[in-house]
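Here are the chains, one letter per residue:
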Amino acid sequence: MCNVLYITTHCNLDCEYCYEKTTRDKPGFKHKTITKQEIDDFVQEILEREGPELDKIVSIFGGEALLRFDLVKYAIEQICEYLPKTGIDIITNGTFFIDIENLQRMKDLQEYASKHQVHIGLRISYDGSGNFRRVYAKTNTPVTSDIKQVFENFRTLKMPLNIAYTVHKGNCDKKSFIKDISSIILKYRDILDRISTYFYEEEIEAFYGFTHDEFLEYKNWIKERCAYLFQKFKIPLCYLTCEACSLCDKVQTKRNYFVPDDGNKFVELRHEEKFDHWNDKFKGTK
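## Focus on the pattern of salt bridges
Opposite charge on two side chains lets them pair, provided their charged atoms get close. Overall, the coordinates contain 12 salt bridges when judged by the stated rule. Note that E45 and R49 form a salt bridge whose closest N and O atoms lie 3.3 Å from each other. Remark: R49 and E45 occur in helix 2 (residues 36–50); sequence separation between them is four residues, near one turn of the helix. Between E152 and R155 there is a salt bridge; the shortest N-O distance is 2.9 Å. Pair noted here: E152 and R155 are both in helix 5 (residues 144–156), with a separation of three residues, about one helical turn. One connected set of salt bridges, linked through shared partners, spans E16, R133 and E203.

Structure representation (structure tokens):
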């Protein structure tokens, strides 16, 4: 079970395809930010429902959650105290890490959490050639150059990079998509851990005039080509070459992925470099 902790509705970007844009743009909409008491209640509810021994998943979300790094830090500290063996997934637009000192603070927090058997994963939203639709709310200027600097900060601090890539009408051309993903892998493969791919299905169907079945054919075409990229570079492309949603955050292994069989079905789970996730000791391979 994935437990979602929604930190704040505030965001410093105004992306036109954001799933929350319609709600935020409504007249009279009031922003909300979680309180420390609500965080305490959230942690205790999980503890009562799932107990201290089971592996757990917490997704920290927004808005842009890291606009309130203080609350994110407090939540992680509470999880470390009461919910060991938890994988924390933080989805962020990445702008908090333009300042490399902020990224160092997050790295320190990851190291602190690991001592309490809590793993913190970061996913940075970046849509490649379609990233022009991600703009700052105050200036309406694209965020792309800043996010590329964030990636370089990850490289400087030798931190693993996970990218959340949304496919939408601005980057959904099939061949351009494959080229886009390939260029990201080639440029950042020294630090790239995985790319999570999300398809804005309704927008793509409207853009091309697809029926749902035609959309599935389009997506399968992409899957076939991404299988080749995975086999070549061993960079998992979540939901394309791997459909074990969040398994990489949940189990005590690194490099978990599904590989396609001859029928292009992603059904076989493989483990490369199996680790004890909490002690990071090499356990062999399967």
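Back to the text.
## Here's the deal with the environment of V4
Considering the arrangement of structural elements, one finds V4 in strand 1 (residues 2–8). According to the relative accessible area criterion, V4 is partly exposed, its value standing at 48%. As a C-alpha pair, V4 and V58 span 54 residues in sequence and 5.8 Å in three-dimensional space.

## Comments concerning the sheet that holds strand 1
Spatially, seven strands are ordered 1-2-3-4-5-6-7 in an open sheet, and the strand pairing comes out parallel. In the strand order of this sheet, the two ends are held by strand 1 and strand 7 (237–238), each with one partner. Pairing analysis gives seven bridges linking strand 5 (residues 161–167) to strand 6 (residues 192–199), with the strands arranged parallel. Residue Y165 lies in a different strand from strand 6, and its bridge partner there is T197.

## Some remarks on the pairing of strand 6
Counted residue by residue, strand 6 has six buried out of eight residues, so it is predominantly covered. Note that the unit made of strand 5, helix 6 (residues 174–188) and strand 6 has a crossover that is right-handed. Bridge analysis of strand 6 against strand 7 gives two bridges, and the strand direction is parallel. Bridge assignment links S196 to a residue of strand 7, and that residue is C238.

## As for unusual backbone geometry
One non-glycine residue with positive phi stands out, namely N140, at about 60°. Here N140 shows up in the loop between strand 4 (118–125) and helix 5. Taking relative accessible area as the criterion, N140 reaches 55% and is therefore assigned exposed. With phi around 55°, K158 is a residue other than glycine that occupies positive phi space. Mapped onto the elements, K158 comes out in the loop between helix 5 and strand 5.

## Describing the packing of aromatic side chains
Summed over all chains, the structure comprises 16 aromatic pairs. Consider the rings of Y126 and F151, whose centres lie 5.3 Å apart with planes at 85°: the pair is edge-to-face. Of the two residues, Y126 is situated in the loop between strand 4 and helix 5 and F151 in helix 5; the sequence distance between them amounts to 25 residues. For the pair shown, Y126 and F151 are each scored as buried. With centroids separated by 6.2 Å and ring planes inclined at 80°, the aromatic side chains of F199 and F215 adopt a geometry described as edge-to-face. Note that F199 is positioned in strand 6 and F215 in helix 8 (residues 212–233), a separation of 16 residues in sequence. Note on F199: relative accessible area 16%, which makes it buried. The class of F215 is buried, set by a relative accessible area of 2%. Taken together, Y165, F177, F199, F207, Y208, F210, F215 and Y218 form an aromatic cluster joined through their ring pairs.

About the cut-offs
- Residues numbered from 1 in each chain as written.
- Predicted model: local features only at pLDDT ≥ 70, side-chain atom pairs only at ≥ 80, totals over all residues.
- Heavy atoms only, no water.
- Salt bridge = Lys/Arg side-chain N within 4 Å of Asp/Glu carboxyl O.
- Helix = DSSP H or I, 4+ residues; strand = E, 2+ residues; numbered from the N terminus.
- Buried < 20%, exposed > 50% of the residue type's maximum accessible area, 1.4 Å probe, protein only.
- Pairing = 2+ DSSP bridges.
- Right-handed = clockwise from strand over helix to strand, strands pointing away.
- Phe/Tyr/Trp six-rings, centres within 6.5 Å; stacked < 30°, edge-to-face > 60°.

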